[in-house]
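Commentary on secondary and tertiary structure
What follows is each chain in one-letter form.
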Amino acid sequence: MARLTALFRTYGKYAFLPAIAFGLAGGIALGVTGVMSKLYLGLMGIAVIFFFLWWTWLWQRSQGFLGRRSTQSNANVIASTLAVLVILTLINYIAFRYPVTWDLTENQQFTLAPQSQSLVAELEQPLKVWIFDDAPSEKDRKLLQNYQRFSEQFSFEFVHPDRRPKLVQDFNVQNKGDVFIEYGDKKQLVQNLLSFQQREDLSEIQLTNAIAKAQRQEIPQVYLVQGHGELPLNNEPGGISAAVTALENLGVTVQPLNVVTDGGIPEDADAVVIAGPTRRFLAPEIATLQQYTDQGGNLLVMISPEADAGLEDLLAPWGVGFDPRLVIDLSGAGGVFGLDPTVPIFNRYGNHPITEKLQGAIAIFPLVRPVATEEKPHIQGTTLVEASDLMYATQLISEDLQPNPETDLLGPFDVAVALTREGKEPSSAKEMETGNNTEPEEINPSPSPTGNGTNQPEAMPENDGNQAADQEESPTGENGDGGNDQAQTEEQDSKPNPELPPAKMVVVGSAAFATNAWFNEAVNGDIFLNSVQWLAENVDQPLNVRAKDPTDRRINLGVRRATVLGWLTWVIVPLIGLGLAVFTWWRQR
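Residues numbered from 1 in each chain as written. Predicted model: local features only at pLDDT ≥ 70, side-chain atom pairs only at ≥ 80, totals over all residues. Heavy atoms only, no water.

Some remarks on the overall build of the chain
- Per the secondary structure count, the chain includes 17 helices and 21 strands.
- Taking all 589 residues of the chain together, 39% fall into the buried category.
- Accessible area of the chain: about 34,200 Å², with a carbon and sulfur share of 55%. (Helix = DSSP H or I, 4+ residues; strand = E, 2+ residues; numbered from the N terminus. Buried < 20%, exposed > 50% of the residue type's maximum accessible area, 1.4 Å probe, protein only. Areas by Shrake-Rupley, 256 points an atom, 1.4 Å probe, with all protein chains shown as cover.)

The structure is reproduced here in structure tokens:
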């Protein structure tokens, strides 16, 4: 007992140090987790015991002790130390509860894409991610924690397949590394993390697409028109398989369609895509497509320069057409990527759900033509992608690439537009009769669908000269009245019927931007996918930018370069440092 008393008198003055350590450990653990664990409470109890021992030691030495100058000085030091520790504790607590991070990677690798954030934030019921893996990855855990930050409805759990066989059976897990999502009564496979005995990271793209697919109540049906030299559905650079796969990952059913052999357009078609035809459509096909849009069908038309698909009669009632000239980019922006002026880079977008979230991003449209628009009753047009002031469209490229103001179209002008037809249901037979007898209004070209002062081209067919010759030889062309009657008849035929149901159309002056070679470049894929989603799903809110795979920046060294790098690292640089040290020592002597 005497020995313990002696030890207490000698070392009791240091009892406040473990009291502070145990107190901070227990307090931080309780504050961060919010769980009244026995371990955390035990740490706090130990801190109280040491604090009591310290105060006991102070009481025994209190005679004249509190009045000493050294005691007051030490008390100030202790108080300052405690204040600093409390401040650091609060700072760490605030940083844990309200984390702020900066993602400086090229593709924002550690930040969720806007589409991922909005999908999770809009969850209406609990969604849980199950990862059946015996070796959880910390990188996968951080990705899932990023999702969890945007909604309390999102949760995840790592499951050891061998320890929970009943759960493995419920999800029908086939392989170790399978990732599933559970949303309501839906259980859906996301991906497998083990491929050929090599581990892969959990993909934000696949997880976000799976969440979007699980939230769908109906599966959109999209048809790609074939039979006129359209973009093939293969994985060649000029194919469109990457776009098709991206649509299918979003839960959209994509099927090829030959209007002639398939007997028309299926009734379940939510949208029809015409992607890069090189041959003219037949008259019955044009009539079928016209009937489809008249019945409320939605259409995406993408036609590259020098292609004459013969769709003028289909597009005329919508007040849109294609200019045959090729867009040239004089800004020099393409030189950074090794592109020539015939591959313009765009960064000006209209205020539309398709492109509203793309502001500031770039799109690369190789071989693109202007899109001409004019005002039509009941048709609302909006610019999607707009050429800059440093672009122009021409049919004859000069050697110095300088535009000819007399024959070329100077920017800005549209290269992609979205059109909406406002449908109107007649309330009575009298209203219908009145609508049918309404005199056609004069149609004047519009500066731009959005009225932003852009130069709009005129839709010019490829065979202007032949048509002009035919008009000169026609007897009707010799009679002025007959010509006027024909013009009025054509104007009446091209005027939209106000009784038609609502419909949508997207027109793009390029098809190459959606090919496999360009789909994943910049926001090309986002423009295509957003266009199809806006058409097929009747989405009016802004559509977000999707997640991108991280850019591979690995350096592959050859044997010679690897050898040189090894000698520099392990021999030459250390010898130079050693030589400088010896030289410095020698001079000091």
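Topic: the packing of aromatic side chains
- Scanning the model with the defined rule gives 11 aromatic pairs in all.
- When the centroid spacing of 6.2 Å and the interplanar angle of 75 degrees are considered together, the rings of F519 and F528 count as edge-to-face.
- With a relative accessible area of 5%, F519 lands in the buried category.
- Here a set of aromatic residues connected by ring pairs shows up, and it is made of W130, F132, F171 and F180. (Phe/Tyr/Trp six-rings, centres within 6.5 Å; stacked < 30°, edge-to-face > 60°.)

Brief notes about the nonpolar core
- L300, M302, F365, V385, V506, I527 and F528 are the most contacted members of the largest nonpolar core, which totals 48 residues.
- When residues in this core are grouped by element, the largest group, 7 residues, is from helix α16 (residues 524-537).
- Ignoring any residue separated from it by four or fewer positions in sequence, one finds F528 in contact with A243, L247, L300, M302, F513, A514 and F519.
- One finds Y223, L257, V320 and L419 within the second-largest nonpolar core, a separate group that totals 30 residues. (Core = buried A, V, L, I, M, F, W, Y, C linked by side-chain atoms within 4.5 Å. Contact = heavy atoms within 4.5 Å.)

Points about the side chain of K504
- Along the chain, K504 turns up in strand β21 (residues 503-508).
- For K504, the side chain forms a polar contact with the main-chain oxygen of W534, separated by 3.4 Å. (Polar contact = N/O pair within 3.5 Å; in protein donor to acceptor, adjacent residues only side chain to side chain.)

Here's the deal with the confidence of the model for the chain
- Taken residue by residue, the chain gives an average pLDDT of 80. The fraction at 70 or more is 80%.
- Confidence drops under a pLDDT of 50 for residues 425-453, and excluding neighbours within four residues, the segment shows 45 contacts in the predicted structure.
- In this model residues 461-494 is a low-confidence stretch, pLDDT under 50, and it forms 18 contacts with partners more than four residues away in sequence or in other chains. (pLDDT = per-residue confidence, 0-100.)

Looking at the environment of L339
- Position of L339 among the secondary structure elements: in the loop between β12 (326-329) and β13 (345-346).
- Between the alpha carbons of L339 and P366 there is a distance of 9.3 Å; along the sequence they are 27 residues apart.
- Discounting residues that sit within four places of it in the chain, L339 has contacts with G334, I345, I364 and W518.

Observations regarding the packing of helix α6 (residues 138-148) against helix α8 (residues 204-215)
- Where α6 meets α8, the axes come as close as 12 Å, and the angle between the chain directions of the two elements is 40 degrees. In this view, α6 runs oblique relative to α8, as classed from their interaxial angle. At the point where α6 passes α8, the crossing takes the right-handed sense. Note on element contacts: α8 touches α6 through E204, L207, T208 and I211, opposite L143, L144 and Y147.
- Residue composition of the contact of α6 with α8, grouped by class: 5 nonpolar, 1 polar and 1 charged. (Axes fitted to C-alpha atoms, helices over the stretch in contact; angles between N-to-C directions. Parallel < 35°, antiparallel > 145°, perpendicular 65-115°, else oblique. Left-handed = near helix turned anticlockwise from the far one by under 90°. Nonpolar A, V, L, I, M, F, W, Y, C, P; charged D, E, K, R; others polar.)

As for helix α17 (residues 559-588)
- End to end, α17 covers 43 Å across 30 residues, agreeing with the expected 44 Å (1.5 Å per residue, within 8%).
- Within α17, the axis deviates most sharply at L568, by approximately 45 degrees. (Expected span 1.5 Å × (residues − 1). Bend = angle between axes of the 7 residues up to and from the residue.)

Considerations on the sheet that holds strand β19 (residues 409-410)
- Spatially, 3 strands are ordered β12-β18-β19 in an open sheet, and the strand pairing comes out antiparallel. For this open sheet the edge positions go to β12 and β19, each flanked by a neighbour on one side alone.
- In the sheet, strand β18 (residues 391-394) pairs with β19 via 2 bridges, with the strands oriented antiparallel. Bridge assignment links Y392 to a residue of β19, and that residue is L410. (Pairing = 2+ DSSP bridges.)

Remarks on the side chain of D329
- Within the secondary structure layout, D329 lies in strand β12.
- Buried charge without a partner: D329 forms no salt bridge, and the closest opposite charge is R348, 10 Å away.
- One polar contact links D329 to S331, side chain to side chain, over a distance of 2.7 Å.
- Apart from residues no more than four positions distant in its own chain, D329 is found in contact with P341, P344, I345, L390 and M391. (Lys, Arg positive; Asp, Glu negative; His and termini not counted. Salt bridge = Lys/Arg side-chain N within 4 Å of Asp/Glu carboxyl O.)

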